[in-house]
Structures are given as structure tokens and as C-alpha cells.
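# Structural description and commentary
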Number of protein chains: 4
Amino acid sequence: MDTRRAESFSDGVFAVAITVLVFNLLSIGSGGKPLTYRLLLNESWPQYAAYAIGFLTIGIMWLNHHTMLAHVTRFDRVTLVLNIFLLMGVVAMPFPTALVADNLTSAGTGGRVAAVSYGVASILISLGFSAMWTYVSAHEDALTRLSARVSWQTRWRFSAGLVGYIIGTLVAAFVSAWAALVIYGLVAIYYLFEHLPAPDATASAAGDAPAPD
Amino acid sequence: MDTRRAESFSDGVFAVAITVLVFNLLSIGSGGKPLTYRLLLNESWPQYAAYAIGFLTIGIMWLNHHTMLAHVTRFDRVTLVLNIFLLMGVVAMPFPTALVADNLTSAGTGGRVAAVSYGVASILISLGFSAMWTYVSAHEDALTRLSARVSWQTRWRFSAGLVGYIIGTLVAAFVSAWAALVIYGLVAIYYLFEHLPAPDATASAAGDAPAPD
Amino acid sequence: MDTRRAESFSDGVFAVAITVLVFNLLSIGSGGKPLTYRLLLNESWPQYAAYAIGFLTIGIMWLNHHTMLAHVTRFDRVTLVLNIFLLMGVVAMPFPTALVADNLTSAGTGGRVAAVSYGVASILISLGFSAMWTYVSAHEDALTRLSARVSWQTRWRFSAGLVGYIIGTLVAAFVSAWAALVIYGLVAIYYLFEHLPAPDATASAAGDAPAPD
Amino acid sequence: MDTRRAESFSDGVFAVAITVLVFNLLSIGSGGKPLTYRLLLNESWPQYAAYAIGFLTIGIMWLNHHTMLAHVTRFDRVTLVLNIFLLMGVVAMPFPTALVADNLTSAGTGGRVAAVSYGVASILISLGFSAMWTYVSAHEDALTRLSARVSWQTRWRFSAGLVGYIIGTLVAAFVSAWAALVIYGLVAIYYLFEHLPAPDATASAAGDAPAPD
């Protein structure tokens, strides 16, 4: 029962955060120029791209959150508090996403500053995922079925993403916003394919036994 | 358990996306003219109509999503990723809906451009539904109870909607926004009555057996 | 399982609709006058009152929706479509609520027009509740445990609210916004105490038997 | 089943209320000054701090709500109505949070007025928690497993928070907004560590018995 409400709350937070992204699209509709012009790709493509990338990013975060919590059978207070900190980062994501969309094509340093803010937010969320996974996998009551090998694989996986975001942020700060966005995109694609082991893969009996919830 | 969280997240996303439509209504209240005038049907009817049609459209999408997922007993990674792409389209719907509401009665090409954007978004969502259903029904582990006949019926159904939206979009682009909206409305009414088979209709034992969730 | 997702979606819609009310509060914070003045009751009390009344109203609607659906063991297509129409009314409620808050103390007919819009929305939602309850209680598969006496009691109850809202709307249109608001408040208080029978009260075995969900 | 929908609705409300906080961040992005300047900590730190503190505050409220409801096996009408009043306070929290963020660094009394509004909202929510807990623990059907000792401990706990918020509000009104925020922060940290007893701690059999939901 405990995990159900924590999941339900987390799902709600993810769902609202991912839907906030549409407000950036809605802003395309208002403006002085004709609608045909405003909707065209060469005018508003950063808004469309930011919507698609932001949606995928938060969606993938939900996927990983989902897979991670599938291992946890009972939440204690620490897990719940770590979860709140993690969600704090997730909910903030529409902010740097909107910054990138609004400033990418602007002259000056706006695009790079926005890309840095996107990288910093991603780094904080990566750290949140790592902290939660480290706690959950160290806590014997919460995760007994996972072997040490799988645990190390997943820890490596979180580190890989973190390193990618740090490199991207440095590139954004000193080189180019565009190069940074390519790096962020590669990290997202990496996370789309590489993933935490599903509970089934590590404990085949989990699906057969009559689960209490 | 797996399907439960995917459904819970999807329900949350649908719920927020459908509620975003009220912001379009809220904008009626502000403006320089007297409230009596602004609320009147001959002034604000496109806002009311867009709210009702947009709500019905997203509501019907939820209905179909609900019926489709009722067949799926366990989500794999591909289904989850396809689901995220599908939700990306659903969440975007308030944007073309607002465009239609704001531009339908304007002079010039605004109404037709808005109707094209509505059609394009609907086509993308139709493709998302088709892709997800094709994957789900081809994946034997996920959907073993559905007969080939039912599967083809439902694939035809998705195609019918898709063709309707393509015709509507072409009409919007070259003929008239109003004619396009009539076509979109007919497709919505078609989807309201025609629907995916419920799990009960295809596997009568499903309701009797003690379901694991 | 069917009812679970319909409830989950409905709960999400109610939750977002009720939270949209806070945006009306947030608007108090912006403006040219000093913050002390703007927050004071004699300046912003309609906003506070509208938030409290709107929250209670949607909250009570959720309560009644919750009690009504507790009788339903399996949703068919018609119930789901009626539910979408009902939610369409619920989600719209923040709009007339904001209108009342913004126009109640204005000179002219603004307050009465806003009170009429509030009454019209309430009437439509009442009709939605009545339609759904009539269908659900007439549909033998969905509701077999409820006696005819209880069914008539609840139908009377919906009618009482409907009559109250119609009187309130007429009073708003021809007499006074304030008198209408008092009537709306009385209806809300009536609904807070009078309620649909809980499943336990009508079928004592329902709570004892091991429910499948 | 009853508690499930009340929890689902509450989780949704908490999830939306906590996500509304991001709109305050989004406002940082717009403005006449260069993006680099606007994002800097010495310009926008009150927005960042308000986001983090507001998120933690609502998150902790969710935690406590979660722990409180874990004791309740079946909701009656009074509990549901008390829950609505409690949620009314929770949903309002983004309003004083935004006021503090916007006015903390302003000259004049704006900061103190905002800090008072934050304290008043916190006091009302504390009273809501106390009322709900008092009712739930007094109602024998709802909570029979909790010993009198634990019940008193938790009642003391709510009172401690309430006293803290009252002191903070008085400090905000007559002394300094900053000192008040420190007090509010200490109360939040107190609630982060001190908490309601989990059902497991009070009734060891609860986790072992096959729960009906």
C-alpha cells in the first residue's frame, strides 16, 4: 500500500510537469504577426523542438522512475524524502526547457546561458536519481532480490548520464549552445535504450507469486 | 503492477491536458468590453465550441486509450516509449484547439491555417494510436486473447479515422475551415460510437478469473 | 479494473480543476497598489470567497461522484461517455467562479451576469449528474443492489439541487447577484449534508465480501 | 476501495499544487534584462528559494497526509469533508509562496506582509491537520489499532508546529520577514524528521495480514 500512494503522487507530479510544456506551445498562438507565419517551422521550430525534447526527457525520467520503484516493495521515510527532492528537479525541467526554446535563436549569449541552465537542471536530477538508487539498493529491506552485479551496472549507468550532462554543460558554457544540445540529445537517446533492469529480469518469481497489491 | 502505473501516469496526463482547455475559457473573462457582451454566444461562441469539442476529443482519446490498454496485461519498454509518443500528441491538442477558437472568425487565412494545424495534430495522434495498437497486437505476450478478425477490425477502424483527418486537413488547406471542422466533427462522432472491442467481448473468461491486479 | 481507470481519470480531472482555482488567488499578488492593501479583505475578499466557495463546490461534486461511482461495478461505453460530459461541466466551473470573483463588486450588471453564468454551469452539471445516475440505476448489470426506494430518494435529491440552481439563476437574472449567491450557498450546504447512500448502507454484504479490487 | 479514491484524489491535488510552483520559475525567463543577469542568483534567488521551500513544504504536507491516511481503513463523510478543507489550504500555498518570492527583497513592508500571509496559510493548514487527526483518532471505527500514548504524541506534534507558525507570523508582523522565514524553515525541518507513527510501528500485524486492497 505504501508504494502505491508514493507512486500515485509521483505519477501525478510527472503528469502535470510534462503537461506544463504545452503552455510554451500556447504562447506561439499569440503575437502580432499573421498566424501562418507564426506557425511556420522556420519561425517557431525552437518551440516545437523544445516541446518534443522536453516531453521525451520528462517521459524518460518517468520511465526510469517507474522501473526504479518497481524494485521497491515498501517505502521508508528516507526514500520518500529523497523522492520529493527528485521530483523537485523534475518539476523544474519545464523552466530551462522554455529558456532554451525562447533564447536559442537570439543573438548574444542567451542561447548558451539557457543551455547551461538546462544542463545544470539535468545534473541535479541525475544526482537525485543516483542518490535514491544508492539508498534503495543499499537498504536491504527495500531491495533484496537484486544481485550485486546488476546493482553496479545500474550505478554505472547513472554515472554515464551524469558525465554526459556535465560535458554538455561545459560545452554550453564555453563553446556552443548547439553542440551542447546535441550532447544532451545523445544522453537522452542513451537513456531511451539503456535502462534499469526490470524486476522480472532479476527475480523471475516476482511475477508468479500472488503480489499483495 | 506494471500496467497500473503506466495507466495511472497516462490518466494523469489525459486529465491535465483536458483541463488545460479551461484556460481558453478563462480568457473570455478578461477584455475591455462589458461582461454581458463578452459572454454572449455571438461574440464568444468559438471559445465555447472549442472547449466542448476539445474536451470531447481528448475524452474520446482517453476512452480509446483505456480500451486499448485493457487488453495489455504487461508493458514492455517499447510499449511504454510508444505510449509516451502518443501522450506527446494528446498533450499538444489544446494548442491547435486554442488556435481554432481564436482564429475561426478572423478575416484572412487564419481560420484555415488553424484548422490545418488541428488536422495535422489529429493525424499524428492517429498514427500514434495505430503504431501502439499494431505493436501491442503483434506482440504475442501482450495480447494473446484477441482473435485475428477482431484485430483486423480495429486496424481498419484506426485507418478510417486517419483517412478522415487527412481529408479534413486537405479541405482546410485548399477549401474552407468550416467544411474541415464538419469533417473533424464527423470523425469524432464516428469514434464515439465505433470502438475497440472491450476485453470482455473477446475473452469472456477475463472477467470471471481472479485478476492479479 | 474498468472502474479503477475511470475513477483514476475522473479523480485527476477533479484534482486539476480544483487546483486551477488558485490561479485566481495568484492574480491578487500582481497589481499597482501596495501589497498590504491588495491582500486586505475589503479589497480582495471576493477572490478569497470565490476560492473557498469554488473549492467547496468542486470538492462536494467530487464527493458525490465518488459516492455514485462506488455503486458501479463495471463501466460500459455509455457510462463512460456520460462521465466525460459530466467532467466537461466540472472542469468549466473555475470559469464562472472567476467571473463572479472579478465582477461581484463592479458597478453595472457585471455581478448579475456573472452570477447567471455560475447558475447556468451549475444547472448543466446537475443535469449531468442526474443523467448519469438515471442511466446507472436503470442499467441492471451496473447496479443491482440498490432498492427502488433508495433510487427514488436519490433522484429526488438531484432534482432538489436542480430546482435550487434554477431559482438562483432566475434571481440572478432579474433581482440581485447577492441573493443568488446566498441561494447557491444554501444548495451547496444542502449537498454537503444530504448525500447519496453509501454502498455499505444499501448492501451490507458489499463490505464483507472479498472485493476483487 | 473508499480510501483508495480519497487518496487518489488527494494525491492528484497535492501533485498539481506542488507543480503550480514552477509557474513562478517560468516568470524569471521573461523580462527586459539579459537572460544571464535574470538567471543569476543575486537577482532571482528569492524565486529559486521560494520554489525549493514551497516544494519541500507541500511535499512534507503530502508525506504527513500519506502517513495519516495510512491509519484510516474506511472514510466516512466527515473525514472526506475535513479532507477537502485541508486540501483547500494546501492548494492555496503557492499563493503566499509567490508573494514571499516577489516581495522579499522589495523596499517597504511588502516582505513582512508576504511573510504574514505565508504564516497565516500555514496556521490554517496546521489546524486542518489537527482537526482531521483528532476526528480520525477519536472515531473508533476508523482507527482502533493506535494506542492512546501514540495518539497523544501525534497531537503534541501538530501543536508544536502550530505554535511555531504562530510565533513566526507574529515575528513577521512586528519584527522582520527574514526572522520569520528562519522560524518557518525550522518548523519545516522539524516536520521533516518528526513524523506520525507509521501503521507498521503501531500494529505489527498490519503488514503481515493479507490487506483487502
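Computed from a predicted structure; not experimentally measured.

## A word on the overall build of chain A
Secondary structure assignment for chain A yields 10 helices and zero strands. Going from N to C terminus, chain A has its helices and strands arranged as α-α-α-α-α-α-α-α-α-α. Each of the 213 residues in chain A was classed as buried or not, and the buried ones make up 50%. Sequence separation of at least 24 residues holds for 77% of the intrachain contacts in chain A that already meet a minimum separation of 6.

## What to know about the relation of the copies chain D and chain C
In the superposition of chain D on chain C (RMSD 0.0 Å, axial shift 0.0 Å), the rotation amounts to 90°. Viewed as a symmetry operation, the transformation between the two copies matches a four-fold axis. Considering only C-alpha atoms, the residue of chain D closest to the rotation axis is Gly12(D), which sits at 4.0 Å. Little of the interface of chain D is mirrored in chain C, where only 11% of its interface residues are also at the interface.

## A few points about the nonpolar core
The nonpolar side chains of soluble globular proteins are, as a tendency, buried together. In this structure, Val90(A), Val90(B), Val90(C) and Val90(D) are the most contacted members of the largest nonpolar core, which totals 252 residues. Leave out the neighbours within four places in its chain, and Val90(B) touches Val13(B), Phe14(B), Ala17(B), Ile58(B), Met61(B) and Ile125(B).

## Notes on the environment of Thr57(A)
Mapping Thr57(A) onto the fold places it in helix α4 (residues 41–69). When the C-alpha positions of Thr57(A) and Leu69(A) are compared, they lie 18 Å apart, and in sequence the two are 12 residues distant.

## As for helix α6 (residues 94–103) of chain B
The buried fraction of α6(B) is high, at 10 of 10 residues. The complete set of buried residues in α6(B) reads Pro94(B), Phe95(B), Pro96(B), Thr97(B), Ala98(B), Leu99(B), Val100(B), Ala101(B), Asp102(B) and Asn103(B).

## A short note on the packing of helix α6 (residues 94–103) of chain D against helix α7 (residues 110–138) of chain D
The packing of two helices is summarised by the inter-axis angle and the distance between the axes. Residue and element names in this part refer to chain D. Direction vectors running N to C along α6 and α7 enclose 160°, while the axes themselves pass 8 Å from each other. The pairing of α6 with α7 is recorded here as roughly antiparallel in orientation. The hand of the α6/α7 crossing is left-handed. Each of Pro96, Thr97, Leu99, Val100 and Asn103 in α6 lies in contact with α7, whose residues at this interface are Gly110, Gly111, Ala114, Ala115, Ser117, Tyr118 and Ala121. In the contact of α6 with α7, the residues fall into seven nonpolar, five polar and no charged.

## Examining the relation of the copies chain D and chain A
Superposing chain D onto chain A takes a rotation of 90° plus a shift of 0.0 Å along the axis, which leaves an RMSD of 0.0 Å. The overlap is low: 10% of the interface residues of chain D also sit at the interface in chain A, so different surfaces are used on the two sides.

## Here's the deal with the interface of chain D and chain A
Contacts between the two partners involve 29 residues from chain D and, on the opposite side, 28 residues from chain A. By residue number, the principal contributor to the side of chain D that touches chain A is helix α1 (residues 2–20) of chain D, which donates nine residues. Here the residues of the side of chain D that touches chain A are counted per class, giving 18 nonpolar, eight polar and three charged.

## Here's the deal with the interface of chain D and chain C
At the interface, 28 residues of chain D touch 30 residues of chain C. Elements with a contribution of two residues or more to the side of chain D that touches chain C: α1, α5 (77–92), α6 and α7 of chain D. When residues in the side of chain D that touches chain C are grouped by element, the largest group, eight residues, is from α1(D). Looking at the side of chain D that touches chain C residue by residue, the class counts come to 19 nonpolar, six polar and three charged.

## Looking at helix α9 (residues 177–193) of chain D
Spacing of three or four residues puts side chains on the same side of an α-helix, whose turn is 3.6 residues. All names here are of chain D. Along its 17 residues, α9 runs 25 Å from first to last C-alpha, staying within 8% of the 24 Å computed at 1.5 Å per residue. Looking only at α9, the buried set comprises Ala177, Ala180, Leu181, Ile183, Tyr184, Val187 and Tyr191. Looking straight down α9, one finds that the buried residues subtend no more than 160° of arc, so they occupy a single side. For α9, the exposed residues set more than 90 degrees away from the buried face come down to Val182, Ile189 and Phe193.

## Some words on the environment of Pro96(B)
Residue and element names in this part refer to chain B. You can see proline 96 is positioned in helix α6. C-beta crowding within 10 Å serves as the criterion here: with 23 such atoms nearby, proline 96 is assigned to the buried category. Leave out the neighbours within four places in its chain, and proline 96 touches Ala114, Ser117, Tyr118 and Ala121.

## Some details on the environment of Val100(B)
All names here are of chain B. Tracing the sequence through the fold places valine 100 in helix α6. For the pair valine 100 and alanine 50, spaced 50 residues apart in sequence, the C-alpha to C-alpha distance is 7.3 Å. Non-local contacts of valine 100, meaning those with residues more than four positions away in its chain, are made with Ala50, Ala114, Ala115 and Tyr118.

## What about the packing of α7(D) against α9(D)?
Residues and elements named next belong to chain D. Where α7 meets α9, the closest approach of the two axes is 9 Å, and the angle between their N-to-C directions is 25°. Between α7 and α9, the crossing angle belongs to the class labelled roughly parallel. In the packing of α7 onto α9, the handedness of the crossing is left-handed. Here Gly111, Arg112, Ala115, Tyr118, Gly119 and Ser122 of α7 lie close against α9, whose contacting residues are Ala177, Ala180, Leu181 and Tyr184. Partitioned by chemical class, the residues of the contact of α7 with α9 number six nonpolar, three polar and one charged.

## Focus: the confidence of the model for chain A
The predicted coordinates of low-pLDDT regions are not to be read in fine detail. All names here are of chain A. In this model, chain A carries a mean pLDDT of 78, and residues with pLDDT of at least 70 account for 77%. When pLDDT is averaged over each helix and strand of chain A, the minimum, 47, is found for helix α10 (residues 199–202) and the maximum, 90, for helix α5 (residues 77–92). Here residues 200–213 is modelled with pLDDT under 50, and outside its nearest four sequence neighbours on either side it reaches 16 contacts, counting other chains as well. Overall fold confidence for the complex sits at a pTM of 0.85, while the interface term, ipTM, reaches 0.81.

Calculation criteria
Residues numbered from 1 in each chain as written. Chains lettered and ligands numbered in written order. Predicted model: local features only at pLDDT ≥ 70, side-chain atom pairs only at ≥ 80, totals over all residues. Helix = DSSP H or I, 4+ residues; strand = E, 2+ residues; numbered from the N terminus. Buried ≥ 20, exposed ≤ 12 C-beta atoms within 10 Å, placed from the backbone. Contact = placed C-beta atoms within 7 Å. Least-squares fit on C-alpha atoms with pLDDT ≥ 70 in both. Core = buried A, V, L, I, M, F, W, Y, C linked by C-beta atoms within 7 Å. Axes fitted to C-alpha atoms, helices over the stretch in contact; angles between N-to-C directions. Parallel < 35°, antiparallel > 145°, perpendicular 65-115°, else oblique. Left-handed = near helix turned anticlockwise from the far one by under 90°. Nonpolar A, V, L, I, M, F, W, Y, C, P; charged D, E, K, R; others polar. Expected span 1.5 Å × (residues − 1). Arc of directions from axis to C-beta. pLDDT = per-residue confidence, 0-100.

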